[in-house]
Amino acid sequence: MEQLSLISEVIISAVLMLIIIVLGVMMHKSGKPYKTSISLIHKIASVLLVVFLVFVFLGNQRELEVNLFLLVLLVMAFVSTVALFISGAFLSTKETSPTMVWLHRIGSVGLVISLLLAFYFIMAT
């Protein structure tokens, strides 16, 4: 039964991540000014994903065997999330810096890779 719980947590995380990515691409394609509704849902889904993942980690903390690899993945996810929130705030302003666009894209890739590897590692153990 515990495995089913972990699978549902992975599915919920994946759905939230997919919503965030799809809305982010839609915002990028539509250009500035961003549509308020799409931007709002993108931001809310981002915060929900972070909060959900914190609860998942805290809820499974006792069962997890945290080793160096998993710790590095969690730190990578945290740093990527911080980079995404900071660059996303700058991208919401009128002037868009190419550096912030680059940082947002790198943060997105870093977060997706670290979460995929972390969930794979957790499910494999």
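Okay, so let's go over this structure. (Residues numbered from 1 in each chain as written. Predicted model: local features only at pLDDT ≥ 70, side-chain atom pairs only at ≥ 80, totals over all residues. Heavy atoms only, no water.)

### Things to note about the packing of aromatic side chains
Then comes step 1: Counting across every chain of the model gives one aromatic pair.
Then comes step 2: Consider the rings of Phe69 and Phe121, whose centres lie 5.5 Å apart with planes at 70°: the pair is edge-to-face. Taken together, the positions of Phe69 in helix α3 (residues 68-91) and Phe121 in helix α4 (residues 98-124) put the pair 52 residues apart, joining distant regions of the chain.
Then comes step 3: What makes Phe69 partly exposed here is its relative accessible area of 42%.
Then comes step 4: The exposure class of Phe121 is buried, given its relative accessible area of 17%. (Phe/Tyr/Trp six-rings, centres within 6.5 Å; stacked < 30°, edge-to-face > 60°. Helix = DSSP H or I, 4+ residues; strand = E, 2+ residues; numbered from the N terminus. Buried < 20%, exposed > 50% of the residue type's maximum accessible area, 1.4 Å probe, protein only.)

### Focus on the nonpolar core
Then comes step 1: Counting residues in hydrophobic clusters, the biggest one holds 11 residues: Leu16, Met17, Ile20, Ala45, Leu49, Leu53, Ala77, Leu84, Leu111, Leu115 and Phe119.
Then comes step 2: For this core, the secondary structure elements donating two or more residues are α1 (2-30), α2 (36-60), α3 and α4.
Then comes step 3: Excluding residues within four positions of it along the chain, Ile20 makes contact with His42, Ala45, Ser46 and Leu49.
Then comes step 4: Counting residues in hydrophobic clusters, the runner-up holds seven residues, among them Leu64, Leu73, Phe121 and Ile122. (Core = buried A, V, L, I, M, F, W, Y, C linked by side-chain atoms within 4.5 Å. Contact = heavy atoms within 4.5 Å.)

### Some points on the packing of α3 against α4
Geometrically, a packed helix pair is captured by the angle between its two axes and the distance between the axes.
Then comes step 1: Here α3 crosses α4 at 150°, and the two axes come no closer than 8 Å. With respect to α4, the axis of α3 lies roughly antiparallel. With respect to the hand of their crossing, α3 and α4 are arranged in left-handed fashion.
Then comes step 2: In the contact of α3 with α4, the residues fall into 19 nonpolar, nine polar and no charged. (Axes fitted to C-alpha atoms, helices over the stretch in contact; angles between N-to-C directions. Parallel < 35°, antiparallel > 145°, perpendicular 65-115°, else oblique. Left-handed = near helix turned anticlockwise from the far one by under 90°. Nonpolar A, V, L, I, M, F, W, Y, C, P; charged D, E, K, R; others polar.)

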